Amino acid sequence: MPSAHSLSYAQRAEKHENPAARLLLETIIRKESNLAVSVDVTKSEDFLAIIDAVGPLVCLIKTHIDILEDFDYGLIKKLEELSQKHDFVIFEDRKFADIGNTVALQYSSGVHKIASWSHITNAHPVPGPSIITGLASVGLPLGRGLLLLAEMSTKGTLATGGYTEEAVRLARANKKFVIGFIAQRRMDAVGLAHGDNEEDDFLILTPGVGLEVKGDGMGQQYRTPDEVVRQSGCDVIIVGRGVYGADFKNVEAIRARAEKYRQEGWNAYLKRVES
Ligand code: 5BU
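Residues numbered from 1 in each chain as written. Predicted model: local features only at pLDDT ≥ 70, side-chain atom pairs only at ≥ 80, totals over all residues. Heavy atoms only, no water.

Quick look at the overall build of the chain now. Helices and strands together make up the secondary structure of the chain, namely ten helices and eight strands. In summary, the chain has a C-alpha radius of gyration of 17 Å against a globular reference of 19 Å for 275 residues, a match within 12%. For the chain, the C-alpha atoms occupy an extent of roughly 55 × 45 × 35 Å along the three principal directions. By the burial criterion, 53% of the 275 residues in the chain qualify as buried. Taking all contacts inside the chain whose residues are at least 6 apart in sequence as the whole, residues at least 24 apart take part in 71%. For the chain, the exposed surface amounts to about 11,900 Å²; the carbon and sulfur share of it is 53%. The positive charge centre, built from 32 side chains, and the negative charge centre, built from 37, are 0 Å apart in the chain. (Helix = DSSP H or I, 4+ residues; strand = E, 2+ residues; numbered from the N terminus. Rg over C-alpha atoms; globule rule 2.2 N^0.38 Å. Buried < 20%, exposed > 50% of the residue type's maximum accessible area, 1.4 Å probe, protein only. Contact = heavy atoms within 4.5 Å. Areas by Shrake-Rupley, 256 points an atom, 1.4 Å probe, with all protein chains shown as cover. Lys, Arg positive; Asp, Glu negative; His and termini not counted. Charge placed at Lys NZ, Arg CZ, Asp CG, Glu CD.)

Here it is as structure tokens:
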């Protein structure tokens, strides 16, 4: 049985039952893009302008909705309209990390009501299985998917070794809702014990991707799309400042950089499945 590493996105889409996982894989195939752009700006106007510029080139837009200074819920309708117009998946990078009852409330309620619009969100596995139970109680009925943070891109991250293995075990035990990981490499073989299903296929979304620089002076570490997708077997490259960073008012330049990352990410994938 070939590992998910060598299967095409199309072969893998057929095997996923979670609607958010299928939507992401099908969007990647339709748009020939494994690029996600992370839009970490503080003004709604800039946020929407960047998304409108890169929307045709991405499979997914990643948000930190709590960064926006002028947030009001009307923005969500505009984000959803752009998601329809340009055909991309929405991932709120909320990094939940509390007890089940609290995360269920944070996910469903408050000013942001994340579960009502974000196809995918993520959580730190640090509280143990109850965080998945809490989030799944809100997200599963809505057809949402969860990523666990198995690794981070930052220098000195504590999410390594046994912690990463436990994250993968938690995912294997909760496959209806947990569709994959934020990680720096494939996780299929991590912590595999006798009797585990070796055909598990988790999506790997990977931040810390940049072509120009190796870091940001605040602990972020960058690798190239080729290192991430071809060499490490990850599925989606997440790029923030590499796309919008230099001058986030210059929409043409943003679009050109996004297209470069799209091509690099897609070529790395083609090389991986051909090899
Ligand atoms: P950058 O501008 O490409 O460095 O932004 C990376 C984004 O990915 C940013 O929104 C981070 O919060 C996010 N991120 C990350 O960089 N590294 C991680 O390990 C995780 C998330 Br998890």
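Next, the rest of the story.
Quick look at the site of the ligand now. Neighbouring the ligand are 16 residues, the closest being Asp-40, Ser-153, Gln-220, Tyr-222 and Arg-241. Within the side chain of Asp-40, a nitrogen or oxygen atom sits 2.6 Å from an oxygen atom of the ligand. One of the side-chain N or O atoms of Lys-62 is found 2.8 Å from an oxygen atom in the ligand. Burial of the ligand by the surrounding chains reaches 91%, relative to a free accessible area of 500 Å². (Near = heavy atom within 4 Å. Polar contact = N/O pair within 3.5 Å; in protein donor to acceptor, adjacent residues only side chain to side chain.)

Along the chain, His-112 turns up in the loop between helix H5 (100–108) and strand E4 (120–123). The class of His-112 is buried, set by a relative accessible area of 17%. Each residue touching His-112, except ones within four places of it in the same chain, is listed here: Ile-65, Asp-66, Phe-71, Tyr-73 and Trp-117.

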